[in-house]
Each structure stands twice: as C-alpha cells, then as structure tokens.
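The primary structure of each chain is shown beneath.
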Amino acid sequence: MSISPTTSAPPNASTGPAERSLPRLPDRRRASERSGRDKRRRTGNIVVAVLLSAGAFIMLAPLAWTFSTSLKTHEAVFALPPQWIPDPAVWENYIRVWSAGPLWSGIKNSLIVACSVTVVGTVASSLAAFAFAKMRLPAKNVIFLALLTGMMIPFPTMMIPQFMMFASIGWVDTLWPLIVPGLFGNIVMIFFLKQYLDSVPDSIIEAAKLDGASFLQIFAKLIFPIIKPAMAAQFILWFMAVWNDYLAPILYLNSPENQTLQLVIASFNATYATQTDYPLIMAASFIALLPVLLVFVIFQRQIIESVALTGAKG
Amino acid sequence: MTTVNRRSTLHRREQRTALAFVALPVIGFAVFAVFPLLFSVYASFTEWNGISAPVFTGLANFQAMMVDPYFWQAMWNTLFMMIGIPVGLCLSLLLALALNRKMRGTTFFRTVYYVPVISSIAAIAIMWQWAFNGDFGLINQALALIGIDGPNWLANTATVKPAIIMMSVWKGLGYSMLLYLAALQSVPRHLYEAAALDGAGVLAQFRNVTLPMLRPVTFFLVVTSIIGGSQIFIEINIMTPTGGPEFGSASIVWYIWQKAFNYLQMGYATSMSLVLGLIVFAVTAIQFRLNRRNQFSID
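Residues numbered from 1 in each chain as written. Chains lettered and ligands numbered in written order. Predicted model: local features only at pLDDT ≥ 70, side-chain atom pairs only at ≥ 80, totals over all residues. Heavy atoms only, no water.

Overview of the overall build of chain B
Move 1: When helices and strands are tallied, chain B shows 13 helices and two strands.
Move 2: The C-alpha radius of gyration computed for chain B amounts to 25 Å, which surpasses the reference 19 Å derived for 299 residues by more than 25%, pointing to a less compact arrangement than a globule.
Move 3: Along the first, second and third principal axes, the C-alpha set of chain B runs to 85 × 70 × 35 Å.
Move 4: Looking at chain B residue by residue over its 299 residues, the buried ones come to 51%.
Move 5: Within chain B, residue pairs in contact and separated by at least 24 positions form 65% of the contacts whose partners lie at least 6 positions apart.
Move 6: With 18 positive and 10 negative side-chain charges, chain B shows a spacing of 18 Å between the two charge centroids. (Helix = DSSP H or I, 4+ residues; strand = E, 2+ residues; numbered from the N terminus. Rg over C-alpha atoms; globule rule 2.2 N^0.38 Å. Buried < 20%, exposed > 50% of the residue type's maximum accessible area, 1.4 Å probe, protein only. Contact = heavy atoms within 4.5 Å. Lys, Arg positive; Asp, Glu negative; His and termini not counted. Charge placed at Lys NZ, Arg CZ, Asp CG, Glu CD.)

What follows is the structure, given as structure tokens:
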C-alpha cells in the first residue's frame, strides 16, 4: 500500500490512462466546462476551509484556555465574563510552579524511564525484527505470531500479577518496574520494522554473508541504514507513549520524589484544586504538555507518516 | 559432502545468532505477559489480599461478581462510554474527506487535529476537568453564549458520562482522521474513473467505491477503539477520583484498580480482570469473523 503523507497530490494525478481514452471533446467546450468545475471546486474549498477552521478552534480552545488560565491571578480565574487574554499576565505562576511541587524530579524521572526504555528497547526490537525478517530460524513465524497474539492481552489483566512480581523483589516505589519490561523490546516496533525489512531483497544479505560478514556487521552496515527512518519514527512514538504513561506509574510509585511527571501534575491537580489555585495547576499541566508538543512540531512529518503506515497495515 | 557440512554449520551459526536476536522479546513476553496471565487464571480462583498466600476458593469470586451491583454498574458505565466510538468515527471520516481535497492549509489542519492525540492524557484530563467546571468552565461559558445554563458536568449523574465521551472523542479524533486520510489517498483513482464512466454521481461513488475501500481501516479502528475503550481508566481516575457521582463514571478498570490496590482484594480484582480479558478477546474474535464475511461480500 503506497501512502503519500503529503496531502497535495501530484498536479497531473488525474491524467490517468482511463481519462486519456475518453472521447475528446472540442477544446473550447472542454475548457469552459473545466473552468466551471474549478469555480465550483474553489467555492467548495472555501466552505470546507471555514468548517475546518471552526473545528480547529474547538480542538485548540481547551489548550488555549489552559494557557490563558495559567497566566491569571487567583481572582481573574473566577472573573465573569471570562477573560481570554489575562490582564495582568502573571508569568510568575511559571516560576512559582517549580517550588510548589516536585516538578523537576518528575521531569528527571520521566526522562530516565523514557530514555532507557526507548534506547535499549529500540536496539532489542530492531535486532529481533532483523532476525524475524531475514534470518533462518526454525518456527520463527510461530514465535512471531505468538508475540503478536500477546499484544491482545489487555494490560489490566496482567497488572496485578506483574505488580506482585515486582513487589516480591522489592521494586515497588522505584523506577525499575517501569523500565525493565520495556528493555525487552516493543512488539509494535518489531512488527513495523519487520514489515519494512520484508521488502528488502534477500540477495544483498546473501552477498554480505558470502563476503564473510557477521550478522552484527550486516545489521550495522546494511540493515541499520535501511531501517533508520522507520526506526526514528517508531522511537519518537514510543518515547511519547512512555512519557505520557500514567497507569503503570500510578501502580508502582508512591513517594513524591520518585514520581514521573504525569503523576506529579496529577497530584498537583488533587492538591491545589482544593485551594482553587487553578493557575498553578494549569501552568504545571502546560509544562507537562510542552515537551511532546515540541517533539511533535519538530518531527511532525515522520510521526504522521509512521502512524498512517502502522494503522493502515494493521 | 564437505560442502554440505560447511553449509549446515553455517546454518547452525545463523540460527544461533537469530535466536539470540529474538531472545529478549521472547523472554520479555514470557515473563511479563504469559506468566502474569497464567498467574491471573490461578489467582482468580482464590481469596488473596496480596500479603498472605492465596487461598483456593473455587468459583466464589465469579459468583460474587454476578451479584456485585458495582461490578455491573462499572461494566455498564464502560459500555456506555463507548458511544463515543461511532460518533468519533463518523466525524473523523468527514474530516478526512475534507482534508483529502486539493487545497492549501491541509497540513496545518492535520497538525492541529492531531495535537490532542499526542498530548499526555493526564494533562488533557486535568485540562478538561477545568473546562467542565460548573461555574467557570469553558464549556458552560460557551453554552452561556447561546443562552444555555450548563450543568456542573462532572458532579451530575446525567452528565458525567457524556462529559467523558465528549473528551474522548476530542482526544481521539485526530488519530482516526489520519488513518482514514491515509486510506483515502491509497484508493486507486481508476476506480473512481470507472464509476464515473458508469454514470455514478459523487454520492454513489462514495457509497460504492470509497466506503468499501475504507472498510479495512474502519475495521481496524473499531477493533482497537473497543479494546482501548474497554480499558478506559486515566480520564476517570483524574477527572472523577471517587468514581463519579453515585458511581456514575467508574469504569471496569477503575473498579479493578480500586479493589486491588485500595481494598486489597487481589483475588476478586484478578477475576474481574480476567473477565475483562476474555471479553476483549471475544469481541476481537467476533469482529475478525464478521470482517471475513465482509471481505467476501466485497468480492
């Protein structure tokens, strides 16, 4: 399935073979007909753009409202009618927030978990994908299918035994239960990279084998350059997923200094809502959103391409 | 003969390396999926507080579940909140059709609609909790513009589930839109041209070409949204930490979590989690069957 992620199709995409075989109309009639169609298309575009803009406003309004609230004074939060542009803008909320709770350690913990999981897990996943796609291994399709089936087991079904497992080795309230399972790789990534490698001809690998290259060398010199773009996209997606995770951290982490960023802002929410300090809560939430928003804006193309491919293939 | 031997040692070496490469995911799968699953099956037949050893009680947990009104309420809540799935699918298909036009600004719109998808659900839930505030929330202020006096969304049994549905639709729209868009762009053009030659109008083309070609994506989205929807937890836990007014928004995973880690009824919680797992499995299996029939009817 070929997917062009950029929405603008090539300009002459409609001149397919079927159209060329149409009986040709006299040129003038054809042109006037086309200009009529163009006009209708342009009006349609305007209507669609207006509707899309209204939708975009709805999509962004809660985010804008969060940001606006984060800059307000206590009183302005409860002002009626509401102020969209806070006056005065209290930028100090963004300074106050760092001392109001363990935001720094939250970011640090989230970074530790997300980085270690995705870096090690990506290496593990890509080596496995290479083996599943290109190496001889008895029953490898059965193993691969078993891994895929395992994805269907919902996490809540396994969370209690997993929790007891980690509790019995004294890992509760540490970051280990969040890190260790991810080090073993990610089946979605394996699946995606394997699909990617399936289209690579076996012959280049056979040739490298005949030259006496080891499989690690083949991976480093041949496979890695090929799958690098796919790997990068999956890496970012996985990083964002770990960064945004909440259920596993809330199971394992109790002490505030061990919590990941998402837990820290959730407990901000619980604590400061009773004090109606909404500007502080919104500032913290906005800070938690920023890193992924930045990553997304930078890698927008790769992310969207990768999601589109994964979903369409699934 | 020597070549045969050489080949087989080469093969053996290749197999050993391949085994090493797949070892980590396979071990991870065994330790973090298969073993917990098997243990879940065992623990569901026991009374177990997570501290002392499990005591085998046979089907007692499942019998208790049958008469536990909270279990049924949580199941019902979870099911109810899935109303958002068809709503979201229709909206996202419309969006994808709009963004599939040749016009300027589509990249911008695609990005905007996708922002909620990548945003952390914890932050989003906090944000929406504030937006649903009865007196000062964004939603009620918007409603006030058209003269409606909005309720205190999250504190009201009638509105707490719709509020969570609204938020879920908002959050998930961009994802299904993107997959629909990708699918739309891969529909072969000649199908439309052939349909046009047969005199099919825009609507007929949509019904007879576009929709059937989108069926695999729709199927994928339905299956994954039901699986995801059956596990809704974070929104509930953050926006309604007590399970909502009169247990009105407690989802099944929220109830499992509550029973396991607040009431230390690990055995009971495990048996509920196993039921959830079985339901997810059954839904997926049924849908795969239905999909197979669909595929035949297309051909």
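Comments concerning the UniProt feature "transmembrane region" (unreviewed entry) in chain A
Move 1: The residues that UniProt annotates with the feature "transmembrane region" (unreviewed entry) are residues 44-65, 111-132, 144-169, 175-197, 218-243 and 278-299 of chain A.
Move 2: Helix makes up 100% of residues 278-299 of chain A and strand 0%, with an end-to-end C-alpha separation of 32 Å. (UniProt positions renumbered as here; feature names shortened; annotations may be inferred.)

Some details on the UniProt feature "domain: ABC transmembrane type-1" (unreviewed entry) in chain B
Move 1: UniProt records the feature "domain: ABC transmembrane type-1" (unreviewed entry) at residues 74-287 of chain B, using the numbering of this structure.
Move 2: Along residues 74-287 of chain B one finds 74% helix and 0% strand; the C-alpha atoms at either end are 23 Å apart.

Observations concerning the UniProt feature "transmembrane region" (unreviewed entry) in chain B
All names here are of chain B.
Move 1: In this numbering, the UniProt entry assigns the feature "transmembrane region" (unreviewed entry) to residues 21-45, 74-99, 111-131, 163-183, 217-240 and 260-286.
Move 2: End C-alpha to end C-alpha, residues 217-240 measures 33 Å, and it is 79% helix and 0% strand.
Move 3: Across residues 260-286, helical content stands at 85% and strand content at 0%; the span's end C-alpha atoms are separated by 30 Å.

As for the side chain of B:Glu235
Residues and elements named next belong to chain B.
Move 1: Along the chain, the position of Glu235 falls in helix 11 (residues 234-239).
Move 2: Look at Glu235: it is buried, it has no salt bridge, and the nearest opposite charge is Lys171 at 7.8 Å.
Move 3: Once you skip the residues sitting within four places of it in the chain, Glu235 turns out to touch Ile121, Ala125, Met167 and Thr240. (Salt bridge = Lys/Arg side-chain N within 4 Å of Asp/Glu carboxyl O.)

Observations concerning the packing of aromatic side chains
Move 1: Applying the stated rule across the entire model yields 38 aromatic pairs over all chains.
Move 2: Judged by centre distance (6.4 Å) and plane angle (35°), the rings of B:Phe45 and B:Phe56 are tilted. Here B:Phe45 is found in the loop between helix 1 (2-43) and strand 1 (46-47), whereas its partner B:Phe56 is found in strand 2 (residues 55-56), with eleven residues between them in sequence.
Move 3: In this structure B:Phe45 comes out as partly exposed when scored by relative accessible area, which is 25%.
Move 4: Put simply, the rings of A:Phe163, A:Phe166, A:Trp171, A:Trp176, A:Phe184, A:Tyr252, B:Phe32 and B:Phe261 pair up and form one aromatic cluster.
Move 5: Above the ring of A:Phe144, the side-chain terminus of A:Lys194 is found at 5.0 Å from the ring centroid.
Move 6: Between the NZ or CZ atom of B:Lys259 and the centre of the ring of B:Tyr263, over which it lies, the distance is 5.0 Å. (Phe/Tyr/Trp six-rings, centres within 6.5 Å; stacked < 30°, edge-to-face > 60°. Lys NZ or Arg CZ within 6 Å of the ring centre and 35° of its normal.)

Remarks on the confidence of the model for chain A
Move 1: Residues at a pLDDT of 70 or more form 87% of chain A, whose mean pLDDT is 84.
Move 2: In this model residues 1-23 of chain A is a low-confidence stretch, pLDDT under 50, and it forms 30 contacts with partners more than four residues away in sequence or in other chains. (pLDDT = per-residue confidence, 0-100.)

Structural notes on the interface of chain A and chain B
Move 1: Counting from both sides, the interface comprises 100 residues of chain A and, opposite them, 90 residues of chain B.
Move 2: Together, the buried faces of chain A and chain B total about 8,500 Å²; carbon and sulfur atoms form 76% of this surface.
Move 3: Linking chain A with chain B are two salt bridges.
Move 4: Put simply, B:Glu14 and A:Lys209 hold a salt bridge, and the shortest N to O gap is 2.9 Å.
Move 5: The tally of links between chain A and chain B comes to 18 residue pairs in polar contact (both at pLDDT 80 or more).
Move 6: The leading source of residues in the side of chain A that touches chain B is helix 2 (residues 27-70) of chain A, at 19 residues.
Move 7: The residue makeup of the side of chain A that touches chain B, split by class, is 74 nonpolar, 21 polar and five charged. (Buried area = accessible area lost by both parts, 1.4 Å probe. Polar contact = N/O pair within 3.5 Å; in protein donor to acceptor, adjacent residues only side chain to side chain. Nonpolar A, V, L, I, M, F, W, Y, C, P; charged D, E, K, R; others polar.)

Some points on the pattern of salt bridges
Move 1: In the structure shown here, the tally under the stated rule is six salt bridges over all chains.
Move 2: Across the pair A:Arg96 and A:Asp277 runs a salt bridge whose closest N-O atoms are separated by 3.1 Å. Here the residue A:Arg96 occupies a position in helix 4 (residues 93-100), and A:Asp277 occupies one in the loop between helix 13 (261-274) and helix 14 (278-313), the gap between them amounting to 181 residues.
Move 3: On the basis of relative accessible area, A:Arg96 is assigned to the partly exposed category, the value being 31%.
Move 4: Between A:Arg136 and B:Glu14 there is a salt bridge, with its nearest N and O atoms 3.0 Å apart. Placement of the pair is A:Arg136 in the loop between helix 5 (103-134) and helix 6 (140-150) and B:Glu14 in helix 1, with the two residues belonging to separate chains.
Move 5: Accessibility expressed as a relative area gives 3% for B:Glu14, which makes it buried.
Move 6: The network of salt bridges with common partners includes A:Arg136, A:Glu206, A:Lys209 and B:Glu14.

As for the packing of helix 6 (residues 121-131) of chain B against helix 8 (residues 157-185) of chain B
Residues and elements named next belong to chain B.
Move 1: Relative to each other, helix 6 and helix 8 sit at 135°, their axes nearing to 11 Å. Our classification of the angle between helix 6 and helix 8 gives oblique. In this structure, the crossing between helix 6 and helix 8 has a hand that is right-handed. Along its contact with helix 6, which presents Ile121, Ile124, Ala125, Met127 and Trp128, the element helix 8 presents Met167, Trp170 and Lys171.
Move 2: Class assignment of the residues belonging to the contact of helix 6 with helix 8 gives a composition of seven nonpolar, no polar and one charged. (Axes fitted to C-alpha atoms, helices over the stretch in contact; angles between N-to-C directions. Parallel < 35°, antiparallel > 145°, perpendicular 65-115°, else oblique. Left-handed = near helix turned anticlockwise from the far one by under 90°.)

A few points about unusual backbone geometry
Move 1: For A:Ala139, which is not glycine, the phi dihedral falls at a positive 60°.
Move 2: For A:Ala139, a relative accessible area of 48% puts it in the partly exposed group.
Move 3: A positive phi angle, close to 60°, is found at B:Phe247, a residue other than glycine.
Move 4: Its location among the elements puts B:Phe247 in the loop between helix 11 and helix 12 (252-261).

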